[in-house]
Amino acid sequence: IRESATLTRDVLEQHFNDLKGTLKKLLDERLISLLQEVDAIEQESIKPLDECQKLIEHGVSTAEDLLREGESAVHGDVGQQNEKLCSFTKKALHIQLDSLPEVPSLVDVPCLSAQLDDCLLTILKNQIFRHGTVASRPPVQLEEFVEKPGGILVRWCKVDDDFIPQDYRLQYRKSTASQFEDVYVGSETEFIVLHIDPNVDYQFRVCARGDGRQEWSPWSVPQIGRTTLVPHEWTTGLEGYSLSSRRNIALRNDSQSCGVLYSKAPTYFCGQTLTFRQVLSGIETVGQPDRRDSLGVCVEQQNGYDSLQRDKAVCISTNGAVFVNGKEMTNQLPAVTSGSTVTFDMEVVQLGPSSNEGGNFKLRVTISSNNREVVFDWVLDQCCVSLYFGCSFSYPGWKVLVF
């Protein structure tokens, strides 16, 4: 409580200090704009009046000079009097002392004033007093962490019945990192976070955005999640496939070599969910399908095959056909296309001898693809709690992520 209260105080103080600075900047900019408008009107309006004043002052100055010259002619010597009066008379005839320049009417002369009222203060006051809230409990909370190989399935739930969520936002950070990172934004209430290092603590938090709103809710209380399961990796060195840096994505390249690409180790355990996701390659299309294509699991790596459609393996072809120990089942799933997700779930259903089936180990297998699934029993002659996974594609362009 104390930690969250301290953090909330810091956030509020920083936010309102930022608002003060922004409001002062905006008010200063508005003041400068209004003052510039006053200057522009003043300069434009005063120009004709200044010109009129100059003409009047020039006429008055000329009349004063002529008056002084006439007085000098009248009071001067008799010999020079006629000459001065003649000069005075010529100047007087050329000066129009009875005319004035056109002066603008008083109603046409601007009279500037500032129009200010208190409505802005009223609006700001109402907005400020409604700005910001303090929530004692976020509307969503983290609910569950499920370990995945090289990942964590994070689930969250809504705890405020009056809150109607539109989107959720999930963030995480490594225990040694200082900043949270966005990892998911959407309407789902769970997400598998990949690229998680095993046996390392990660902090998670989630918030939500109400229906029709832009702002996010407060963050949930950060919680720590971790996985002890090593990530799934494809084995390196097979010529027909190129791998990502984390070796969890395999791309069928244009090499003429063919064969099955297996996992580096038997990292798939019964009771877990194994997921293959077809992602776009650089040409933004999947490869050409072939009946030998396969995605699935097997008891052991067997080189020399160009498909998982063999003994001691279960798989699905890109056309949706399901194979068990090399035999095609009558049930079929939708074809694998761009963006398709295929999952395998297995559980042990029998560990004793079984004379009818000819084996002593039975697994209940569920394969799901595009909202459809098939369920069957896979009978083996040996106990297997961990399995390899594999894929094989005949043509380039297929790109598969495994987790």
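Basis of the calculations
- Residue indices follow the written sequence of each chain, beginning from 1 at its first position.
- Totals for whole chains, interfaces and linings use every residue, but because this is a predicted model, local features are given only for residues with pLDDT of at least 70 and side-chain atom pairs only at 80 or more, for both listing and counting.
- Hydrogens and water molecules were not included; the side-chain quantities draw on all heavy atoms of the structure.
- Any residue with relative accessible area above 30% and no salt bridge may belong to a patch, with like charges joined within 9 Å and the nonpolar Val, Leu, Ile, Met, Phe, Trp and Tyr side chains within 5 Å.
- Note that accessible areas follow from Shrake-Rupley with a 1.4 Å probe, and for residues the cover is restricted to the protein chains shown.
- We define a salt bridge as a side-chain nitrogen of Lys or Arg found within 4 Å of a carboxyl oxygen belonging to Asp or Glu.
- Only DSSP runs of H or I covering at least 4 residues are called helices, and only runs of E covering at least 2 are called strands; the numbering of each starts at the N terminus.
- Exposure is judged per residue with a 1.4 Å probe applied to protein chains only, and the accessible area is read against the type maximum: over 50% gives exposed, under 20% gives buried, and values in between give partly exposed.
- Two residues qualify as a contact provided that any one of their heavy atoms is within 4.5 Å of a heavy atom in the partner residue.
- What counts as a ring pair is set by centres within 6.5 Å for rings of Phe, Tyr and Trp (its six-membered ring), and what kind of pair is set by the plane angle: stacked under 30 degrees, edge-to-face over 60, tilted for all other angles.
- By definition, being over a ring means that NZ of Lys or CZ of Arg is both within 6 Å of the ring centre and within 35 degrees of the ring normal.
- What a helix is expected to span follows from its residue count: subtract one and scale by 1.5 Å.
- Criterion for a disulfide: a pair of cysteine sulfur atoms at a distance within 2.5 Å.
- UniProt positions are given in the numbering used here, feature names are shortened, and annotations may be inferred rather than shown by experiment.
- Paired strands are those between which DSSP finds at least two bridges.
- A 1.4 Å probe that fits but cannot get out identifies a cavity on a 1 Å grid over protein atoms alone, an open set with protein on both sides within 12 Å along at least five of seven lines counts as a pocket, and a residue lines either if it has an atom within 4 Å of a point.
- Grid points are joined across faces, edges and corners, and a volume is the space filled by probe spheres set on the points.
- In this classification, Asp, Glu, Lys and Arg are treated as charged, Ala, Val, Leu, Ile, Met, Phe, Trp, Tyr, Cys and Pro as nonpolar, and every other residue, Gly included, as polar.

### Concerning a nonpolar patch on the surface
Phase 1 of the analysis: Among the surface-exposed residues, Leu12, Phe16, Leu19 and Val134 lie close enough to one another that they form a single nonpolar patch of about 310 Å² accessible area.
Phase 2 of the analysis: Along the chain, Leu12 turns up in helix 1 (residues 2-75).
Phase 3 of the analysis: Taking relative accessible area as the criterion, Leu12 reaches 34% and is therefore assigned partly exposed.

### Thoughts on the side chain of Arg209
Phase 1 of the analysis: Relative to the helices and strands, Arg209 resides in strand 6 (residues 202-210).
Phase 2 of the analysis: Accessibility expressed as a relative area gives 16% for Arg209, which makes it buried.
Phase 3 of the analysis: In contact with Arg209, other than residues within four places in its own chain, are Phe163, Ile164, Pro165, Gln166, Asp167, Gln214, Glu215 and Trp216.

### Some remarks on the packing of aromatic side chains
Phase 1 of the analysis: Taken as a whole and judged by the stated rule, the model has 11 aromatic pairs.
Phase 2 of the analysis: Here the aromatic rings of Trp234 and Phe389 are separated by 5.0 Å at their centres, their planes lie at 80°, and the arrangement is edge-to-face. Within this pair, whereas Trp234 is found in the loop between strand 7 (223-225) and strand 8 (241-243), its partner Phe389 is found in strand 20 (residues 386-392), the two being separated by 155 residues in sequence. One exposure class covers both Trp234 and Phe389, and it is buried.
Phase 3 of the analysis: Look at Phe393 and Trp398: their rings are 5.1 Å apart centre to centre, the planes differ by 10°, and that puts the pair in the stacked class.
Phase 4 of the analysis: Its relative accessible area of 1% is what places Trp398 among the buried residues.
Phase 5 of the analysis: Lying over the aromatic face of Tyr241, Arg252 brings its terminal NZ or CZ to 5.5 Å of the ring centre.
Phase 6 of the analysis: The cationic tip of Arg310 hangs over the ring face of Tyr305; the distance from NZ or CZ to the ring centre is 5.5 Å.

### Details of helix 1
Phase 1 of the analysis: In a regular helix each residue adds 1.5 Å, so 74 residues correspond to 110 Å; helix 1 covers 104 Å between its end C-alpha atoms and thus fits that length.
Phase 2 of the analysis: Burial in helix 1 covers these residues: Ser45, Cys52, Leu66, Gly70 and Ala73.

### Some words on the state of the cysteines
Phase 1 of the analysis: Taken as a whole, this structure holds zero disulfides when the rule is applied.
Phase 2 of the analysis: As a non-bridged cysteine, Cys157 has Cys207 as the owner of its nearest cysteine sulfur, 15 Å distant.

### Regarding the UniProt feature "coiled-coil region" (unreviewed entry) in the chain
Phase 1 of the analysis: When the UniProt feature table is mapped onto this chain, "coiled-coil region" (unreviewed entry) is found at residues 9-44.
Phase 2 of the analysis: In residues 9-44, helix accounts for 100% and strand for 0%; the two terminal C-alpha atoms are 53 Å from one another.

### Remarks on the pairing of strand 12 (residues 273-278)
If a strand is regular, its side chains alternate between the two faces of the sheet.
Phase 1 of the analysis: The pairing of strand 12 with strand 17 (residues 341-350) spans five bridges and is antiparallel. In the sheet register, Thr273 faces strand 17, and the bridge partner there is Asp345.
Phase 2 of the analysis: By the bridge criterion, three bridges tie strand 12 to strand 21 (residues 399-402) in an arrangement that is antiparallel. Of the residues in strand 21, the one forming a bridge with Arg277 is Leu401.

### As for the layout of surface pockets
Phase 1 of the analysis: In this model, the second largest pocket occupies a volume close to 770 Å³.
Phase 2 of the analysis: Arg30, Leu34, Ala114, Gln115 and Leu116 are, among the 21 residues lining the second largest pocket, the residues nearest its centre.
Phase 3 of the analysis: Residue assignment for the lining of the second largest pocket shows that the elements contributing at least two residues are helix 1 and helix 3 (119-130).
Phase 4 of the analysis: When grouped by side-chain class, the residues that make up the lining of the second largest pocket number 16 nonpolar, two polar and three charged.

### Focus: the environment of Asn199
Phase 1 of the analysis: By the secondary structure assignment, Asn199 is in the loop between strand 5 (190-193) and strand 6.
Phase 2 of the analysis: Measuring from C-alpha to C-alpha, the distance between Asn199 and Gly304 comes to 37 Å, with 105 residues separating the pair along the chain.
Phase 3 of the analysis: With sequence-adjacent residues up to four places away left out, Asn199 is seen in contact with Arg226, Thr227 and Thr228.

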